[in-house]
Amino acid sequence: MDSSLRPSRARQVVLFFAVTLAVITYIDRVCISQAAPMMQEELGLTKTQMGYAFAAFGWAYALFEIPGGWLGDRIGPRKVLMRVVSMWSIFTVATGWAWNLVSLVVSRFLFGVGEAGCFPNLTKAFTLWFPVAERVKAQGILWLSARWGGAFTPLLVGWMLASGTEGKVGLGLHYKWVFLIFGLLGVVWALSFFRWFRDHPKDHPSVNAAELAHIGETEPPGDHAMPWARLMASRTVWMLWAQYFCMSYAWYFYITWFPTYLKEKFTTLSDMERALLACVPLFFGGIGCITAGMLSARLDQMFGSIARTRRWLGVVGMSVAGVMLLISMQTDAPLASVLAIGLAALCNDLAMPGAWGACMDVGGRHAGALSGSMNMMGNAGGAIAPMVVPLVLAATNNDWGMNITLFAVAYFLGAACWFFINSEERLHD
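Residues numbered from 1 in each chain as written. Predicted model: local features only at pLDDT ≥ 70, side-chain atom pairs only at ≥ 80, totals over all residues. Heavy atoms only, no water.

Colleague: Before we go on, may I ask you to explain the overall build of the protein chain in this structure?
Modeller: Of regular secondary structure, the protein chain possesses 19 helices and zero strands. Taken along the three principal axes of its C-alpha coordinates, the protein chain extends 60 × 45 × 45 Å. Looking at the protein chain as a whole, 58% of its 429 residues are labelled buried. Across the protein chain, contacts joining residues at least 24 apart in sequence account for 83% of those joining residues at least 6 apart. Here the protein chain displays about 16,700 Å² of accessible surface, and carbon together with sulfur accounts for 67% of that area. Between the averaged position of the 30 positive side-chain charges in the protein chain and that of its 26 negative side-chain charges there is a distance of 4 Å. (Helix = DSSP H or I, 4+ residues; strand = E, 2+ residues; numbered from the N terminus. Buried < 20%, exposed > 50% of the residue type's maximum accessible area, 1.4 Å probe, protein only. Contact = heavy atoms within 4.5 Å. Areas by Shrake-Rupley, 256 points an atom, 1.4 Å probe, with all protein chains shown as cover. Lys, Arg positive; Asp, Glu negative; His and termini not counted. Charge placed at Lys NZ, Arg CZ, Asp CG, Glu CD.)

Colleague: Would you mind going over helix α1 (residues 10-43) with me for this structure?
Modeller: Two residues of an α-helix separated by three or four positions point the same way, owing to the 3.6 residues in each turn. Between the first and last C-alpha of α1 there are 47 Å, a value that for 34 residues agrees with the 50 Å anticipated at 1.5 Å per step. At Ala35, α1 shows its maximal kink, close to 60°; a proline, Pro37, follows between one and four residues later. Where burial is concerned, most of α1 is hidden: 25 out of the 34 residues are buried. A positive phi of about 70° marks Gly44, the residue just after α1. (Expected span 1.5 Å × (residues − 1). Bend = angle between axes of the 7 residues up to and from the residue.)

Colleague: It is not clear to me how the packing of helix α4 (residues 77-96) against helix α5 (residues 101-115) should be interpreted in this structure. Could you clarify?
Modeller: Packed helix pairs are specified by the crossing angle of their axes together with the interaxial distance, meaning the distance between the axes. Close contact between α4 and α5 brings their axes to 8 Å; oriented N to C, the two are set at 160°. Here α4 lies roughly antiparallel to α5, going by the angle between them. The handedness of the crossing between α4 and α5 comes out as left-handed. Residues Val84, Met87, Trp88, Phe91, Thr92, Ala94 and Thr95 of α4 pack against Leu104, Ser107, Arg108, Leu110, Phe111, Val113, Gly114 and Glu115 of α5. Residue composition of the contact of α4 with α5, by class: nine nonpolar, four polar and two charged. (Axes fitted to C-alpha atoms, helices over the stretch in contact; angles between N-to-C directions. Parallel < 35°, antiparallel > 145°, perpendicular 65-115°, else oblique. Left-handed = near helix turned anticlockwise from the far one by under 90°. Nonpolar A, V, L, I, M, F, W, Y, C, P; charged D, E, K, R; others polar.)

Colleague: Would you take a moment to explain a nonpolar patch on the surface for this structure?
Modeller: A grouping of Met302, Phe303, Trp312, Val316, Val320, Phe419 and Phe420 is seen on the molecular surface, where their side chains present a nonpolar patch of about 640 Å² in accessible area. Only α14 (280-303) and α15 (306-328) provide two or more residues apiece to the nonpolar patch. Among the elements that take part in the nonpolar patch, α15 stands out by supplying three residues, more than any other. Among the secondary structure elements, Val316 is positioned in helix α15. (Patch = residues over 30% accessible without salt bridge, like charges linked within 9 Å, V, L, I, M, F, W, Y side chains within 5 Å. Salt bridge = Lys/Arg side-chain N within 4 Å of Asp/Glu carboxyl O.)

Colleague: Looking at this model, I keep getting lost on the packing of aromatic side chains. Mind explaining?
Modeller: Working definition: an aromatic ring pair is given by the centre-to-centre distance plus the angle between the planes. Throughout the structure, instances matching the rule amount to 37 aromatic pairs. With 5.0 Å between their ring centres and 70° between their planes, Trp238 and Trp241 make a pair best called edge-to-face. Note that Trp238 and Trp241 are positioned in helix α11 (residues 235-255) at a spacing of three residues, about one turn of the helix. Grouping aromatic residues by their ring pairs yields a cluster made of Tyr249, Phe253, Tyr254, Phe258, Tyr261, Phe266, Trp400 and Phe407. Over the aromatic face of Phe111 sits the side chain of Arg108, whose NZ or CZ is 4.2 Å from the ring centroid. (Phe/Tyr/Trp six-rings, centres within 6.5 Å; stacked < 30°, edge-to-face > 60°. Lys NZ or Arg CZ within 6 Å of the ring centre and 35° of its normal.)

Colleague: What is the right way to look at the pattern of salt bridges in this model?
Modeller: Opposite charge on two side chains permits them to pair, given that their charged atoms come into close proximity. One pass over the full model with this rule turns up eight salt bridges. Through salt bridges with shared partners, a single network forms among Arg11, Glu134 and Glu211.

Colleague: When you look at the side chain of Arg274 in this model, what are you seeing that I'm missing?
Modeller: Positionally, Arg274 belongs in helix α13 (residues 271-278). Residues contacting Arg274, with those up to four places away along its chain left out, are Leu262, Lys263 and Leu269.

Colleague: So what exactly am I meant to see when it comes to the nonpolar core here?
Modeller: Nonpolar side chains tend toward joint burial in soluble globular proteins. Within the largest apolar cluster, 124 residues are counted, with the highest numbers of intra-cluster contacts made by Phe119, Trp143, Trp189, Phe253, Tyr254, Leu325 and Phe407. Once residues within four sequence positions are removed from consideration, Phe407 is found in contact with Tyr249, Ala250, Phe253, Leu325, Ala385 and Val389. (Core = buried A, V, L, I, M, F, W, Y, C linked by side-chain atoms within 4.5 Å.)

Colleague: Would you mind going over unusual backbone geometry with me for this structure?
Modeller: Most of the time, phi is negative for any residue but glycine, and the peptide bond is trans. Although it is not a glycine, Asn397 adopts a positive phi angle of roughly 60°. Note on placement: Asn397 falls in the loop between α18 (367-395) and α19 (400-418). Here the phi dihedral of Asn398 falls at roughly 65°; this positive angle occurs in a residue that is not glycine. Inspection of the secondary structure assignment puts Asn398 in the loop between α18 and α19. Using a relative accessible area of 37% as the deciding quantity, one classes Asn398 as partly exposed.

Colleague: For this particular structure, what's the right way to read the packing of α1 against α4?
Modeller: For the pair α1 and α4, the least separation of the axes is 11 Å and the interaxial angle reads 15°. Of the possible angle classes, the one that applies to α1 and α4 is roughly parallel. You can see that α1 and α4 cross each other, and the crossing is left-handed. In this structure, α1 uses Leu21, Thr25, Asp28, Ile32 and Met39 to contact α4, whose residues at the interface are Leu81, Val85, Trp88, Thr92 and Thr95. When grouped by side-chain class, the residues that make up the contact of α1 with α4 number six nonpolar, three polar and one charged.

Colleague: Before we go on, may I ask you to explain the side chain of Thr236 in this structure?
Modeller: Within the secondary structure, Thr236 is located in helix α11. Setting aside chain neighbours within four positions, we find Thr236 in contact with Val362, Phe420, Ile421, Asn422 and Glu425.

Keep in mind that these numbers describe shape and distance, not what the molecule does.
This is the structure in structure tokens:
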């Protein structure tokens, strides 16, 4: 076939940028959980105070989701992503150089403000650059990358922090230099992306007519004023918000208190063994994301509807996630317990690509703002969880089992929400 008749592959470069940003996002986000014990010691912070730092990110991330998504709808993801990635990279560096609780909380809050614009604007970019049939697969690959970026961060950070003494292999860096290195990665990404990317495929010199035809019309015409009345009246939108709140409440455990849980629950483990086990939930979560993305087309044919596929992946995934968390408490064997938690994370992420795919389909030209609102509600749950964990521990004589039970209950409530989500609904005319 004449090469001019074959679709170009520029949208795969868009996916590459999204994947690398997802990795950077989660490296920057998860790094603090591994450095937390050293930061607590050096800054003289209690568990409750460290919980405030974790929560500051979550609240900022939640509050600025809608503004970040709306701005992407208005001026395009190219300008927004360049700005927000640069911003959070600066405050990644600032996190490592915090000198007390207030400076740490402020740095994490402003870090969260920046990161809030990431996934709504990547979702907006996918809406503009990918045909409907390829969007869930793209989301699956995106979230696989995000999860695996976070999964291997504990090992990477552990290696960078390890002193190299007593037979340990490591760079022996102070944690502030680790945050500096990770922050610089984001700046490089922002400059590279802004130079290459265009908001619309038709404006990019690497996109030929065949690829434009393959992508098709991706955004309904009309203004981008958010239809708030229609949004607030939609049961699907409310249930998308609720299920993501519940999912994130449970999921934030894996990127905040999980290393501390391992240290206190399984006291015989070495530092490296704990670092390896800390990788398990996000590694398994990545498998769940790509499994959902790869199987979605086949399940669509089986169920006869994209909406049904997403509903049942949500119901089954979150229900089994809750069951696996409860199972994880039935054994004192570290590997068996953590594998059960890993399977909970895998099932959690069976619902993830479908939730974001539903935002693209339901939102249309409002996909950035709708996905931002869903992520806002999710991260409200994610902000509450790190504060609740130390309070529950204090009230139960350091009983981690009560927290795990609350996470399982959140999963069951999220599964119930999926029965009422119809991703065939549209906010636009």
